[in-house]
Amino acid sequence: MPHPPHPRALVMAPRKRIALIAHDNRKGDLLEWAVHNRDTLARHALSATGTTGALLARELGLPITRYRSGPLGGDQQIGAAIVEGALDFVVFFTDPLAPHPHDVDVKALLRIAVVYNVPIACNRATADFLLTSALMDVAYTRRVELPEPSELGLPPEFPHSRDAREPAWTASLQESAW
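Residues numbered from 1 in each chain as written. Predicted model: local features only at pLDDT ≥ 70, side-chain atom pairs only at ≥ 80, totals over all residues. Heavy atoms only, no water.

## Observations regarding the pattern of salt bridges
Think of it this way: side chains of opposite charge can pair up when their charged atoms draw near. Taken as a whole and judged by the stated rule, the model has seven salt bridges. In this structure, the salt-bridge partner of Asp-29 is Arg-26, at a minimum N-O distance of 2.7 Å. Judged by its relative accessible area of 36%, Asp-29 falls in the partly exposed class. With a relative accessible area of 18%, Arg-26 lands in the buried category. Across the pair Glu-145 and Arg-143 runs a salt bridge whose closest N-O atoms are separated by 2.9 Å. For Arg-143, a relative accessible area of 30% translates into the label partly exposed. (Salt bridge = Lys/Arg side-chain N within 4 Å of Asp/Glu carboxyl O. Buried < 20%, exposed > 50% of the residue type's maximum accessible area, 1.4 Å probe, protein only.)

## Digging into the side chain of Asn-37
One can find Asn-37 in the loop between helix 1 (27–36) and helix 2 (38–41). Dropping the residues within four chain positions of it, Asn-37 is found in contact with Asp-128 and Leu-131. (Helix = DSSP H or I, 4+ residues; strand = E, 2+ residues; numbered from the N terminus. Contact = heavy atoms within 4.5 Å.)

## A look at helix 1
Looking only at helix 1, the buried set comprises Lys-27, Leu-30, Leu-31, Trp-33 and Ala-34. Within helix 1, the buried residues cover an arc of 165 degrees as seen down the axis, which keeps them to one side. The inward-facing, buried residues of helix 1 contact strand 2 (17–22), helix 2, helix 3 (50–60), strand 5 (89–93) and helix 6 (124–131). (Arc of directions from axis to C-beta.)

## Digging into the nonpolar core
Counting residues in hydrophobic clusters, the biggest one holds 37 residues, and the most contacted among them are Leu-20, Trp-33, Leu-56, Ile-82 and Val-91. Excluding anything up to four places from it in sequence, Leu-20 contacts Leu-30, Trp-33, Leu-46, Ser-47, Ala-48, Thr-49, Thr-52, Leu-56 and Val-91. (Core = buried A, V, L, I, M, F, W, Y, C linked by side-chain atoms within 4.5 Å.)

## Thoughts on the sheet that holds strand 3 (residues 45–49)
If you walk across this open sheet you meet the five strands as 4-3-2-5-6, and the pairing is parallel. The sheet is open, and its two edges are formed by strand 4 (64–67) and strand 6 (120–121), each paired on a single side. With five bridges connecting them, strand 2 and strand 5 associate as parallel partners. Note on strand 5: the bridge partner recorded for Ala-19 is Val-90. (Pairing = 2+ DSSP bridges.)

## Notes on the packing of aromatic side chains
Tallied over the full model, the rule gives one aromatic pair. The interplanar angle of 55 degrees and the centroid separation of 6.1 Å between the aromatic rings of Trp-33 and Phe-93 together place this pair among those described as tilted. One end of the pair, Trp-33, is in helix 1; the other, Phe-93, is in strand 5, with 60 residues separating them in the sequence. Given the relative accessible area of 0%, Phe-93 is considered buried. (Phe/Tyr/Trp six-rings, centres within 6.5 Å; stacked < 30°, edge-to-face > 60°.)

Dropping the structure here:
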């Protein structure tokens, strides 16, 4: 019989680690939003994909960790950073009306954000709500549930111990009381 998911708690520090991403047709919107919110963003650790990161660094004058361009693996790198516990939330101004050759990567990133309970804003209104939240500048405990491998349809030989299936950051996690 499979075990229930393991609820965990990941504490997000007051200085959040924020990924900023925008599809080509939305880069101007993200840039305008970021310039408007520069003072708030300056209190946090920022990262971004490819061209978006270059534009933001130039306009904001803030340090920004840059990943590859989305179609060249940047969305996957952001997803991996979420899994490793290296990001606290994502602002991703998407263009849902335009076709994207890396659409499967975008969907995978969104799925990973949901699985790891990472706040993700896909439009300006949601980004405004996140950035102005009372939780923005305080520590926040985020609940993360990691399912058993069998619940994911993995083969029986897949390691079943917690240590073998949990990401590296779980050493800093504490059992959740939830």
